[in-house]
Amino acid sequence: MFQKQNKDEQLVSAIHLEEFDQETKKSPSPEDKTYTIEEAVETIGFGRFHILLFLIMGSTSIVEATEIMLLAVVSPAIRCEWRLSDWQVALVTTMVFLGFMVCSFISGFVADRYGRWKVVFGCFIWGLYFSLLTSFSPSYGWFVFLRVMVGTGVSGHSQGFVLKTEFMPAKYRSSLLPLATIFWLIGSLLVIVLAFAIIPSFGWRWLIRISTIPSIILIVLFKFIPESARYNVSAGNTKEAVKTLEHIAKMNRSSLPEGRLVEPIVERRGHFLDLMDSTYRRTTLIMWYSWVVTSFSYYGAILASSELLERKLLCVTNADHPPKVLNSDSAPCYCHMFGTSEYYTMLISTLGEIAFVPVNILMLNVFGRRFCLALSMALTGVFFLLLNICTTSAGFTALLFILRSLVSANFNTVYIYTAEVYPTSIRSVGMGACTACSRLGGMIAPFIAQASGV
């Protein structure tokens, strides 16, 4: 009887032990649970931090647009001041994009090695310094050199887009990232309005000086944006990544997933040759070509419209008198400063950059990135051809309005696709390489739009 009771107790103890083991396996302790950066970002969700991130890092596009549009509105003024020929005017933009192209590779490499935030901040300081120096250029040669230095600084602005993408929950990227077009629009409109108000009375030098104010404001605001948590994890700095995620969760009044952050440390980061790995080679080559075409069409639209308005080469039924010709030592110099009607045309056409954004967001979510990029590029080619049709000034403005909306949509789509197609370890160098290729298109565009007689 006693032996039987002992056996029953042992059997019950064994059953309890087995149940305990099963419960332990089913309910691991919080210390045993793990989560990744992607899971943390999705769990925290969208909140106040992302609004701040969107406003500050999105505003980097204001500065980039300002520096690019300055080349379009200042070209008539420097043409008249230094009696420049067509190729000299075109060379300014080409050299700026050359500096942009070379340093885009460098900025992407440095960002993957040392952090996105450091690159964005350093490039803004660099660009601001040389932009101010440009306003004191004593000659054409100095103007070109200093604008090249500005271009090298602007090359790092794309890392702000990477930083923004890496903090943004996936479902918001296709909606919020295209909305950042509004910042580029603000920068473009700001330059046109300031040029209209400042150049006739104070000259192009004061226009450049006043245009640096957004850069100064942003440099102060950058302190509110932390380094990318994805970068910190890939660099092995997990504690700093967790600290950043906790700060974001607190701002959003949310919380992190249970457990600890675990992701493999990436030993090889920021190597250009990784883009040519068999996994990414085809994607990389297609993306490079896409960026060249996107940039060529975008800057071609801006510079060609500026040249057509300045030189009054439009085939319109209500054209004004042709510009006066100033003789120079080598070739005729067409000197015609923008008037009210030219500024209005540039202003209205620039507004086209945001006109297509709602449709672009809808199509990106419904049809995906590749289809949207293919469609907008095809339509871009059609509307470039339509610019050859003789029409009224209002008709030209309307065509230019639609063209600017399409080339802007190209940039929105290609930016998002590039940021998503590469992993964290090579995302910045991938974006840097793509933006560098885009500057090749920007280098070609001036000589087609400004030095070929349009």
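Use the structure listed above.
In this text, all values refer to a predicted model and were calculated from it rather than measured experimentally.

(A) Here's a closer look at the overall build of the protein chain. Tallying secondary structure elements over the protein chain gives 20 helices and 4 strands in all. Here the protein chain holds 454 residues, and 54% of them are scored as buried. Taking the contacts inside the protein chain whose residues are at least 6 apart along the sequence as the reference set, 84% of them involve residues at least 24 apart. When the accessible area of the protein chain is evaluated, it comes to approximately 20600 Å², of which 66% is carbon and sulfur surface.

(B) Structural context of the packing of aromatic side chains. This model, assessed by the stated rule, comprises 22 aromatic pairs. Between Phe124 and Phe222 the ring centres are 5.1 Å apart and the planes differ by 85°, which places this aromatic pair in the edge-to-face class. In this pair, Phe124 is assigned in helix α6 (residues 116–134) and Phe222 in the loop between α12 (213–221) and α13 (229–234), connecting sequence segments 98 residues apart. Judged by its relative accessible area of 1%, Phe222 is buried. A cation over an aromatic ring shows up here: Arg209 above the ring of Phe136, its NZ or CZ 4.4 Å from the ring centre. The ring of Trp206 carries the charged tip of Arg209 above its face, separated from the ring centre by 4.8 Å.

(C) Expanded view of the state of the cysteines. As enumerated under the stated definition, the model contains 0 disulfides in all. No disulfide involves Cys103; its nearest neighbouring cysteine sulfur is the one of Cys123, lying 7.7 Å away. Not engaged in a disulfide, the cysteine Cys437 finds its nearest cysteine sulfur in Cys434; these two sulfurs lie 6.4 Å apart.

(D) Spotlight on the nonpolar core. Of all hydrophobic cores here, the largest spans 76 residues; its most connected members are Leu207 and Tyr299. Ignoring sequence-local partners within four residues, the contact set of Leu207 consists of Leu70, Val73, Val74, Val191, Leu194, Ala195, Ile198 and Ile199. Of all hydrophobic cores here, the second largest spans 28 residues; its members include Tyr35, Met57, Ile219 and Val242.

(E) Spotlight on the packing of helix α5 (residues 86–114) against helix α7 (residues 140–154). Where α5 meets α7, the closest approach of the two axes is 7 Å, and the angle between their N-to-C directions is 30°. Considering only the axes of α5 and α7, their crossing is right-handed. Packed against α5, whose contacting residues are Gln88, Leu91, Val92, Met95, Val96, Gly99, Phe100 and Cys103, the element α7 presents Tyr140, Phe143, Val144, Arg147, Val148, Gly151, Thr152 and Val154 at the interface. For the contact of α5 with α7, the per-class residue count stands at 11 nonpolar, 4 polar and 1 charged.

(F) Geometry of the side chain of Ser61. For Ser61, the position within the fold is in helix α4 (residues 60–81). Once residues lying within four places of it in the same chain are set aside, the contact partners of Ser61 are Phe183 and Trp184.

(G) Fine view of helix α8 (residues 158–167). Here α8 lies mainly inside the structure; 10 of its 10 residues are buried. Residues of α8 that are buried include every one of Ser158, Gln159, Gly160, Phe161, Val162, Leu163, Lys164, Thr165, Glu166 and Phe167, and no others.

About the criteria used
- Within each chain, residues carry numbers counting from 1 in the order of the written sequence.
- Since the coordinates come from a predicted model, pLDDT governs what is reported: local features require at least 70, and pairs of side-chain atoms require 80 or more to be given and counted, while whole-chain, interface and lining totals use all residues.
- In computing side-chain values, all of the structure's heavy atoms are included and hydrogens and water are not.
- Comment: elements are numbered from the N terminus, with helices defined as DSSP H or I runs of at least four residues and strands as E runs of at least two.
- A simple rule labels every residue: compare its accessible area, found with a 1.4 Å probe on the protein chains alone, to the largest value its type can have, and call it buried under 20%, exposed over 50%, or partly exposed in between.
- For this analysis, residues touch if any pair of their heavy atoms sits within 4.5 Å.
- In these tables, accessible area is a Shrake-Rupley quantity obtained with a 1.4 Å probe, and a residue counts as shielded only by the protein chains included in the view.
- Side-chain rings of Phe, Tyr and Trp, where Trp is taken by its six-membered ring, are said to pair if the distance between their centres is within 6.5 Å; with planes under 30 degrees apart they count as stacked, over 60 as edge-to-face, and otherwise as tilted.
- Lysine and arginine charges are scored as sitting over a ring when NZ or CZ, respectively, is within 6 Å of the ring centre and within 35 degrees of the ring normal.
- Note on disulfides: each one is a pair of cysteine sulfur atoms within 2.5 Å.
- Take the buried Ala, Val, Leu, Ile, Met, Phe, Trp, Tyr and Cys residues and link them wherever side-chain atoms come within 4.5 Å; each set so joined is a nonpolar core.
- Axis angles are defined between N-to-C directions and span 0 to 180 degrees, where every axis is a line fitted to C-alpha atoms and, for a helix, only to the segment in contact.
- A crossing counts as left-handed when the near helix is turned anticlockwise from the far one by less than a right angle, and as right-handed when that turn is clockwise.
- Gly counts as polar in this scheme, as do all residues outside two lists: the nonpolar Ala, Val, Leu, Ile, Met, Phe, Trp, Tyr, Cys and Pro, and the charged Asp, Glu, Lys and Arg.

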